Amino acid sequence: MCLGIPGLITEVEPVDGLRTATVDFGGVRKRVCLAYTPAAGPGDYVIVHVGFAISVVDAAEAERTLAVLRAMDGVLEQELNP
Amino acid sequence: MRYLDEYRDPVLARALLAELAQVTTRPWTLMEVCGGQTHTIVRQGIDELLPGGIRMIHGPGCPVCVTPLEILDQAMAIAQRPGTILASFGDMLRVPGSHTDLLSLRARGADVRVVYSPMDAVDIARRSPQRQVVFLAVGFETTAPANAMAVLHAAELGLTNFSVLVSHVLVPPAMTAVLTAADCRVQGFLAAGHVCAVMGWTEYEPLAATFRVPIVVTGFEPLDLLEGILMAVRQLEQGRHEVENQYARAVRRHGNDEAQRAIRRVFRVTDRTWRGIGTIPASGLALTGEFAALDAQRRFGVGRLTAREHPDCVAGDILTGTKTPLDCAAYGTRCTPRTPLGAPMVSAEGTCAAYHSAGRRRPATSRAAR
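Per chain, residues are indexed from 1 in the order of the written sequence. All chains are assigned letters beginning with A, and all ligands numbers beginning with 1, in the order in which they are written. Whole-chain, interface and lining totals are the exception, using all residues; otherwise, since this is a predicted model, local features are given only for residues with pLDDT of at least 70 and side-chain atom pairs are given and counted only at 80 or more. The side-chain values count all of the structure's non-hydrogen atoms but skip hydrogen atoms and water molecules.

Here a helix means four or more residues in a row that DSSP labels H or I, a strand means two or more in a row labelled E, and each is numbered from the N terminus. Scanning chain A from N- to C-terminus turns up one helix and five strands. Reading the helices (α) and strands (β) of chain A from amino to carboxyl end gives β-β-β-β-β-α. Accessible area is worked out with a 1.4 Å probe on protein chains only. A residue is then buried under 20% of its type maximum, exposed over 50%, and partly exposed in between. Scored against the burial criterion, the 82 residues of chain A give a buried share of 48%. Note on contacts: a residue pair qualifies if any of its non-hydrogen atoms lie within 4.5 Å across the two residues. Looking at chain A alone, contacts between residues at least 24 apart form 27% of all its contacts between residues at least 6 apart. We get accessible surface area from the Shrake-Rupley algorithm with a probe of 1.4 Å; when it comes to residues, only the shown protein chains can shield them. As presented, chain A carries roughly 3900 Å² of accessible surface, and 55% of it is formed by carbon and sulfur atoms.

Printed below as a string of structure tokens:
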């Protein structure tokens, strides 16, 4: 129940007065309430918990984390295979 | 898929493990708080790949596991009433109560429904005006915004046949309980990333300072967990005890304002009983007075039911990290995911179920000794 996963917003429309998105989770599409991520729109990745987007994935931060990890790999490679 | 696959890269995982081996000079014991993290750690065998001396203790962050027996018995008492529909998240259905579970009640004719979102339960209520619909609202700070919105939405629609059986719990008081336990061995925490996506991490700063423990807000993919462990170990090796954020792509310091506002409007902080652990002061959420009319305990008069645990289940020791499933005599024999004695064997986020699905067995010697 508590597992949250990232998905891509493909469409946004109001349902019963609540901003609601269609979110694509690698092929599986679900309806997701955007009440807590009012700035999110099509093209954004959101972390979804039990039908609600609780956070917009920050693409720049995601890249930064990966860059740190890749740099770590590079340094090790140099040490192991000088 | 984007934001999942790249955080599962085995080459980068090996680089992180090598870096971790390089910075580690002493044994350290860390706790991952969230059951979702336990699931990834055990499934991927991350705990077994760590440099010798770094030990992961699995924390109490499985919402299904800590929901008290009383609440389950209350849900089942409600589900057995004619004219009611009990809706819940799927993994609550097989959790054993004192006598039975919701799935067995359903097989015997009770109207028990699995929903993906609490909003689905509101929809059921709208479409079934002749029936009373009760949503079993459990979970941590991650599900609280969704459950709060279901209450707000039902109130706005003026639904008189919708109510919630609330058993919400909060993470920081549980971490305090772990840290103040007499036999606490936890030296650092991986905090639950998605709880912090909602609440931010300012609540953890006094904990880190008071108990002098590093707390690293951590994501759920293998690379997130390895980086979180590395950040915590670096702090320990350098004698620091701060709150750091590994999961920056999803978590901001103050969390999600809109979600917190909804939680504050619908819920108030209350003492809660944690299954297997006991009562922890100010560790949960209950409905505020404004929404008392939607309280299923009141509506159905089930608030006074009490219950007793199965005597062979050591869930409390598992949830506080005092024991692992391999220390339990019933694990894998009398207690399996098909025939669970206690909640940690039910949910994918439960430590016992995670061990069982990863095929972890007791060593042959201890089996012979039993």
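Now that the structure has been shown, we can carry on.
Before going further, it helps to spend a moment on the interface of chain A and chain B. It is common to give the size of an interface as the accessible area lost on bringing the parts into contact. On the side of chain B, 51 residues touch chain A, which itself brings 40 residues to the contact. Here chain A and chain B share an interface that buries about 4000 Å² over both sides, 69% of which is from carbon and sulfur atoms. One speaks of a salt bridge when a side-chain nitrogen belonging to Lys or Arg is within 4 Å of a carboxyl oxygen belonging to Asp or Glu. Across the salt bridge formed by Asp16(A) and Arg126(B), the nearest N and O atoms sit 2.6 Å from each other. Here a polar contact is recorded for every N or O atom pair within 3.5 Å, except that within protein the pair must consist of a potential hydrogen donor and a potential acceptor, and residues adjacent in sequence are included only if both atoms are side-chain atoms. Taken together, the links from chain A to chain B amount to twelve residue pairs in polar contact (both at pLDDT 80 or more). Of all elements in the fold, only β2 (18-25), β3 (28-33), β4 (45-49), β5 (52-56) and α1 (59-80) of chain A reach the threshold of two or more residues within the side of chain A that touches chain B. Considering every element that reaches the side of chain A that touches chain B, the biggest residue donor is α1(A), with 13 residues. Per-class residue counts for the side of chain A that touches chain B are 24 nonpolar, seven polar and nine charged. Each of two parts loses accessible area, computed with a 1.4 Å probe, when they are put together; buried area is these two losses added. Throughout, the ten residues Ala, Val, Leu, Ile, Met, Phe, Trp, Tyr, Cys and Pro are labelled nonpolar, Asp, Glu, Lys and Arg are labelled charged, and all others, Gly among them, are labelled polar.

A pair of packed helices is captured by two measures, namely the crossing angle of their axes and the spacing between those axes. Residues and elements named next belong to chain B. As a rule, the C-alpha atoms of each element are fitted with a line to give its axis, helices using only the stretch in contact, and angles between N-to-C directions run from 0 to 180 degrees. Remark: helix α7 (residues 118-127) packs on helix α8 (residues 144-157), axes separated minimally by 8 Å, with the N-to-C direction vectors making an angle of 25 degrees. In terms of orientation, α7 and α8 fall into the roughly parallel class. When the axes of α7 and α8 are compared, the crossing they make is right-handed. The residues of α8 that touch α7, namely those facing Pro118, Met119, Val122 and Arg126, are Ala146, Asn147, Met149, Ala150, His153, Ala154 and Leu157. Split into classes, the residues belonging to the contact of α7 with α8 amount to eight nonpolar, two polar and one charged. If an angle is under 35 degrees, it is roughly parallel; if it is over 145, roughly antiparallel; if it lies from 65 to 115, roughly perpendicular; otherwise it is oblique. Left-handed describes a crossing whose near helix is turned anticlockwise from the far helix by less than a right angle; the clockwise case is right-handed.

Below, the discussion takes up the sheet that holds strand β10 (residues 267-274) of chain B. All names here are of chain B. Should DSSP find at least two bridges between two strands, the strands are taken to pair. Taking strand neighbours across the sheet as the criterion, the six strands line up as β4-β3-β5-β6-β11-β10 in an open arrangement whose pairing is mixed. Unpaired on one side and paired on the other, β4 (112-114) and β10 mark the two borders of the sheet. Between one strand and the next, the sheet's axes are offset by a mean angle of 25 degrees, whatever the strand orientation. Pairing geometry for strand β6 (residues 162-169) and strand β11 (residues 278-287), over two bridges, is antiparallel. Its bridge partner being in β11, valine 169 is matched across the sheet by glycine 284. Strands in contact with helix α5 (residues 69-79) are β3 (84-88), β4, β5 (132-139) and β6; relative to β6, the strand with the most contacts, it is inclined by about 170 degrees. The sheet contacts of α8 involve β5, β6, β10 and β11, and relative to β6 the element is tilted by about 160 degrees.

This brings us to the confidence of the model for chain A. For every residue, the predictor states its confidence as a pLDDT score lying anywhere from 0 to 100. For chain A, mean pLDDT is 88; residues scoring 70 or higher make up 88% of the total. Within chain A, α1(A) has the poorest average pLDDT of any element, 77, and β5(A) the best, 97.

All right, on to the nonpolar core then. All names here are of chain B. We define the nonpolar core as a collection of buried residues of types Ala, Val, Leu, Ile, Met, Phe, Trp, Tyr and Cys that are connected through side-chain atoms lying within 4.5 Å of one another. Formed by 134 residues in total, the largest nonpolar core has its most connected members in Phe162, Phe189, Tyr204, Ile215 and Ile229. Those residues in contact with phenylalanine 189 that lie beyond four places of it in its chain are Met31, Val33, Met175, Val178, Leu179, Val213, Pro214, Ile215 and Val216. Membership of the second largest hydrophobic core comes to eleven residues, among which are Ile318, Ala330, Tyr331 and Tyr355.

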